[in-house]
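Analysis of the macromolecular model
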Amino acid sequence: MDKITFNVGGMSCGHCKTAVEKALQGLTGVQAAEADLAAKTVTVTYDANKSNRDALAAAITDAGYEVKD
């Protein structure tokens with residue numbers, strides 16, 4: 001399993017945290033997604049053979065949040 005952490009713009013409340021986590025957990029190959037509201041990050045544990053950075057970032061964007069570099 002691989003791990004990646006994204007900086008997420010627009011995540012400001014408990015609902016936002018849950019929305020980002022659910023969007024990521026719905027992807028094939030994602031084992032876990034844990035958002036940190038205070039740090040405005042989400043750490044994803046995933047199978048690199050089934051998903052990739054672009055797909056993970058797209059899920060965050062599609063949920064209405066911004067992936068920051």
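First, a word on scope: everything that follows refers to the structure included in this document. (Residues numbered from 1 in each chain as written. Predicted model: local features only at pLDDT ≥ 70, side-chain atom pairs only at ≥ 80, totals over all residues. Heavy atoms only, no water.)

**As for the overall build of the protein**
Looking only at helices and strands, the protein has two helices and four strands in total. Starting at the N terminus and ending at the C terminus, the protein contains elements arranged as β-α-β-β-α-β. Its C-alpha atoms give the protein a radius of gyration of 11 Å, within 12% of the compact-globule value 11 Å for 69 residues. Considering only C-alpha atoms, the protein reaches an extent of 30 × 20 × 15 Å along its principal axes. Within the protein, the fraction of its 69 residues that count as buried is 36%. Here the contacts in the protein between residues at least 6 apart in sequence split such that 60% fall between residues at least 24 apart. For the protein, the computed accessible surface area is about 4000 Å², with 44% contributed by carbon and sulfur atoms. Across the protein, the mean location of the 7 positive side-chain charges is 5 Å away from that of the 9 negative side-chain charges. (Helix = DSSP H or I, 4+ residues; strand = E, 2+ residues; numbered from the N terminus. Rg over C-alpha atoms; globule rule 2.2 N^0.38 Å. Buried < 20%, exposed > 50% of the residue type's maximum accessible area, 1.4 Å probe, protein only. Contact = heavy atoms within 4.5 Å. Areas by Shrake-Rupley, 256 points an atom, 1.4 Å probe, with all protein chains shown as cover. Lys, Arg positive; Asp, Glu negative; His and termini not counted. Charge placed at Lys NZ, Arg CZ, Asp CG, Glu CD.)

**Observations regarding the nonpolar core**
Membership of the largest hydrophobic core comes to 18 residues, with the highest contact counts inside it found for F6, L24, V42 and V44. Counting only elements with at least two residues in this core, the list comes to β1 (2–9), α1 (14–25), β2 (30–36), β3 (41–46) and α2 (53–62). Per element, the largest residue contribution to this core is four residues, and it comes from α2. Not counting chain neighbours up to four residues away, the residues in contact with V44 comprise D2, K3, I4, F6, L24, V30, A32, A33 and L56. (Core = buried A, V, L, I, M, F, W, Y, C linked by side-chain atoms within 4.5 Å.)

**Observations concerning the environment of A33**
By the secondary structure assignment, A33 is in strand β2. The exposure class of A33 is buried, given its relative accessible area of 3%. Considering only alpha carbons, one finds A33 and C13, 20 residues apart in sequence, at a separation of 16 Å. If we skip the residues at most four places from it in the chain, A33 touches E21, L24, Q25, V42, T43 and V44.

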